[in-house]
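Here are the chains, one letter per residue:
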Amino acid sequence: MAALRDEVNVLVVGAGAAGAAFTWRLASMGVAVTCLEQGEWQSPESSLTALENWESKRLRERSPNPNIRRNAADYPILDDTSIIKPAIFNGVGGSTILWSAHTPRFRPSDFRVKSLDGVGADWPISYWDLAEYYEINDEIMGTSGQHGDPGNPPRTPRTTPPVPLGLAGSRIADALNDLKWHWWPSDGNILTLDRGSRKACNGCGPCEMGCANGARASVDITYWPEALALGAELRTGATVRRVLVDATGRATGVEWIDPTGQEHVTHANVVVMACNGVGTPRILLNSVSKEHPRGLGNSSDQLGRNLMLHPIPVVTGVFDEDVQSWSGNDAFALLIQEFYENDESRDFKRGYEMQVTRGQGPLVTALGGFSHDIPWGLGHHEAFEKFFGHVATVAVTCEDLPHPNNRVTIDPSVTDRCGVPAARMSYELEENSKKMIKHGVKSATALLVKAGARETHAKPFAPSAGFHLMGTARMGSNPKDSFVNQACRSHDVPNLLVIDGSVFASAGAVNPTPTLQAVALRAADLLREDALV
Amino acid sequence: MSTLLDRFTNDLLPGNDHWPAASEIEVGAVMQELASTDSEQKSLFDRLLDFLENHKERLALGETLEAEDSELFVFAKVLAFEAYYINPKVREVVARRSMYANRPPQPAGFLVVTRRVSPWNEGEILWRSDGTERSGEVLIEQKKDPKKTWTVEEIRQWRR
């Protein structure tokens, strides 16, 4: 069966957080953009949280791990060589479909880790290059919070007030004030007041299962409707196999397969990869040609390397008071950045942030929640009653440093439904991370005890928390040690862009989505400014 | 086989004055139904049944499985807990024994009971300069008036 061929102007691969922002930005400037997405639309009405067996669904079709979920659009990610497992979603909206929408920003120092602290790699851009784009993104996504945080550069007033602290959060805020540790109400893409067709958060808990009333943003309900209204084209069910190049080494388009198995070739003037820190290197490493024998644009051998995931140790405190920890958006209410910046008196470089999580239903609690362990057998029911509703968990997001052996490769021994070789994640904790984890667990434990917890339970890292995928096609000024330049363009292939978390030169110690969306918006502006589209 | 599954699941989730034993709400049958939706889970469930059959003379099936095949035990425990805690009778007990409402999270949501607490250091600028002139300028401005309301236009000027 011959491939069907067509031609477009700008071709974006991946309709997640970055792809949506980039497409919208170019479309708003009148540029013709087409996006290919291997998954389908997820209707907010399909949120599973209204079902009696919603917790069962959480373990299965809404599992964040594609190897467990195994939806039609999911591709295998071999993870037996990684102590942290992948957590992504494939569909319109990408991983914002199952994210918890916590949106702190990078700090200025995060872009200068090599210059300031002698580790990792500097970005070729600064916080100040992105500040305007953070603001644009906050407006489109809808951001709750409270401006005036002295721990970060100024930002504009937030769209709505912050999410409520809740009973456990209030206790912890009191404890932070007693300890004189810096905290601030978190920014989040969760509306606390109605805005257009999106309703205010009603505190139901499991944000990552989808938000039936649209309080929690995902780009399928924010960027995409606007981008499509501006004339952008979105094709779903399009599994991209590889990026094509001509004899001069320039990208000419992509080869993709539709759900019927029909092969397509779509030619484009510019190809933009936005498939996340695993999906993007996977496609580019599969795009081998005579001109690019190690994968497209990979003369530096940096493609797939420097995978950063944010090790996340978790400490759960148990309170005598019923703090109703099943209520409220589950991942955040306040942000603790007391230990964020580098401190030479510590035995590790860089730092971490802490956030208070909640929203654990009965089944998740019984299975041990984030870090406690409930016995089976005779003591089970008593232990369940002790924990359920009575816990708060402090999650510690540790800055991850880039290491070339932490990486994404491809493994042709396993393929997806279209015959495309699987990605393999290889990841181990470095010594710096181990020391930081130890410090973070100690801080989180001290905080919970100060807040009144009568016992605490710690896990050194959450093995299922591979949702921050960064660094695998990193940005830099030197083509020998980076994959893209400051405009997100490949050093080797000038009309190939990477705009997702792959381009992060450093990981910061915060959730990466607003930063990668700001990077994508900026890349769109630079493409237009340089008259390349 | 159901007797063996009942014995095993009751080992994991025995009953008491408040909570039903697993066998009372047919957890074994629900486990089988849940596992049947996925070929890998079905295969593991069949392994569980084989294990129980091969060890039926043992009194403590839970302990035996945990000791002899920890991977299979973890699978069986998660599946049994899943079957138990999605049962309406168990959800009723959860609601009676806590402040939780016996209903799904949506559409009603939950009231988030809270108190108002303000950060202790609202006026002390804490972020670290990146060494650029822009950092210095913004730090000075922010220190002058930490609660100033900034506009997008002002922030746009920061771009190089």
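For clarity, every value in this text was computed on a predicted model and none was experimentally measured. (Residues numbered from 1 in each chain as written. Chains lettered and ligands numbered in written order. Predicted model: local features only at pLDDT ≥ 70, side-chain atom pairs only at ≥ 80, totals over all residues. Heavy atoms only, no water.)

Chemist: In this structure, what is going on with the domain arrangement of chain B? I would like to understand it.
Modeler: By a widespread convention, an interface's size corresponds to the accessible area lost as its parts come together. Under the domain assignment used here, chain B contains domain 1 (2–96) and domain 2 (119–160). If you average the C-alpha positions of domain 1 of chain B and of domain 2 of chain B, the two centres end up 57 Å apart. (Domains from an automatic or database assignment.)

Chemist: Teacher, can you tell me more about the nonpolar core here?
Modeler: Note that soluble globular proteins tend to have their nonpolar side chains buried in a common cluster. Grouped together as the largest cluster of nonpolar side chains are 146 residues, with contacts concentrated most on Val10(A), Phe22(A), Met273(A) and Ile499(A). If you tally residues by element for this core, the top one is helix α5 (residues 127–141) of chain A, at nine residues. (Core = buried A, V, L, I, M, F, W, Y, C linked by side-chain atoms within 4.5 Å. Buried < 20%, exposed > 50% of the residue type's maximum accessible area, 1.4 Å probe, protein only. Helix = DSSP H or I, 4+ residues; strand = E, 2+ residues; numbered from the N terminus.)

Chemist: What should I look at first to understand the environment of Tyr85(B) in this one?
Modeler: Following the sequence through the fold, Tyr85(B) ends up in helix α5 (residues 70–85). Sequence separation of Tyr85(B) and Thr151(B) is 66 residues, and the distance between their C-alpha atoms is 50 Å. Residue contacts for Tyr85(B): discarding those within four places in its chain leaves Pro362(A), Leu363(A), Ala366(A), His380(A), Phe384(A), Trp19(B), Val90(B), Arg91(B) and Val94(B). (Contact = heavy atoms within 4.5 Å.)

Chemist: In this structure, what is going on with helix α6 (residues 88–96) of chain B? I would like to understand it.
Modeler: Residues separated by three or four positions in an α-helix point in the same direction, a consequence of the helix having 3.6 residues per turn. If you check which residues of α6(B) are buried, you get Val90(B), Arg91(B), Val93(B) and Val94(B). Each buried residue of α6(B) lies within a common arc of 155° when the element is viewed along its axis, so the set occupies one face. Facing away from the buried side of α6(B) by over 90 degrees, the exposed positions are Pro88(B), Lys89(B) and Arg96(B). Next to the buried residues of α6(B) lie α2 (54–59), α9 (362–366) and α10 (380–387) of chain A together with α5 of chain B. The N-terminus of α6(B) is capped by Asn87(B), whose side-chain oxygen sits 2.8 Å from the backbone nitrogen of Lys89(B). (Arc of directions from axis to C-beta. Polar contact = N/O pair within 3.5 Å; in protein donor to acceptor, adjacent residues only side chain to side chain.)

Chemist: Honestly, the pattern of salt bridges in this entry has me stumped. Any pointers?
Modeler: Two side chains bearing opposite charge may form a pair once their charged atoms approach each other closely. Per the counting criterion, the structure on display carries 50 salt bridges over all chains. Residues Asp38(B) and Arg70(A) are paired through a salt bridge, measuring 2.5 Å at the closest nitrogen-oxygen approach. With one member in each of two chains, Asp38(B) in the loop between α2 (27–35) and α3 (39–54) and Arg70(A) in the loop between α3 (66–69) and β3 (77–82) form a pair that bridges those chains. Its relative accessible area of 19% is what places Asp38(B) among the buried residues. Arg107(A) is the partner of Glu341(A) in a salt bridge, and the nearest nitrogen-oxygen pair spans 3.3 Å. Here Glu341(A) is found in the loop between β10 (334–336) and β11 (352–357), whereas its partner Arg107(A) is found in the loop between β3 and α4 (113–117), with 234 residues between them in sequence. Among the charged side chains, a salt-bridge network with shared partners connects Arg107(A), Asp110(A), Asp117(A), Glu341(A), Arg350(A), Glu399(A) and Arg128(B). (Salt bridge = Lys/Arg side-chain N within 4 Å of Asp/Glu carboxyl O.)

Chemist: In this structure, what is going on with the sheet that holds β3(A)? I would like to understand it.
Modeler: Across a sheet, paired strands are connected by hydrogen bonds in the backbone, their directions being either parallel or antiparallel. Residue and element names in this part refer to chain A. A sheet is described by the order of its strands in space; here three strands give the open sequence β3-β14-β13, paired in mixed fashion. Only two strands of the sheet have a single partner each, and these edge strands are β3 and β13 (407–415). The average angle at which neighbouring strand axes cross in this sheet is 30°, direction not considered. Across four bridges, the pairing between β3 and strand β14 (residues 421–427) is parallel. Bridge pairing in β14 places Leu 78 opposite Arg 424. (Pairing = 2+ DSSP bridges. Axes fitted to C-alpha atoms, helices over the stretch in contact; angles between N-to-C directions.)

Chemist: For this particular structure, what's the right way to read the pairing of β13(A)?
Modeler: Each regular strand shows side chains that alternate between the opposite faces of the sheet. Alignment of β13(A) against β14(A), held across six bridges, turns out to be antiparallel. Within the sheet, the bridge partner assigned to Ile410(A) lies in β14(A) and is Ala423(A).

Chemist: What is the right way to look at the environment of Asp492(A) in this model?
Modeler: Residue and element names in this part refer to chain A. Position of Asp 492 relative to the elements: it lies in the loop between β15 (455–459) and β16 (496–498). Classification of Asp 492 by relative accessible area gives partly exposed; the value is 27%. When the C-alpha atoms of Asp 492 and Leu 367 are compared, they prove to be 49 Å apart, with 125 residues separating the residues in sequence. Excluding anything up to four places from it in sequence, Asp 492 contacts His 292, Gly 297, Asn 298 and Ser 299.

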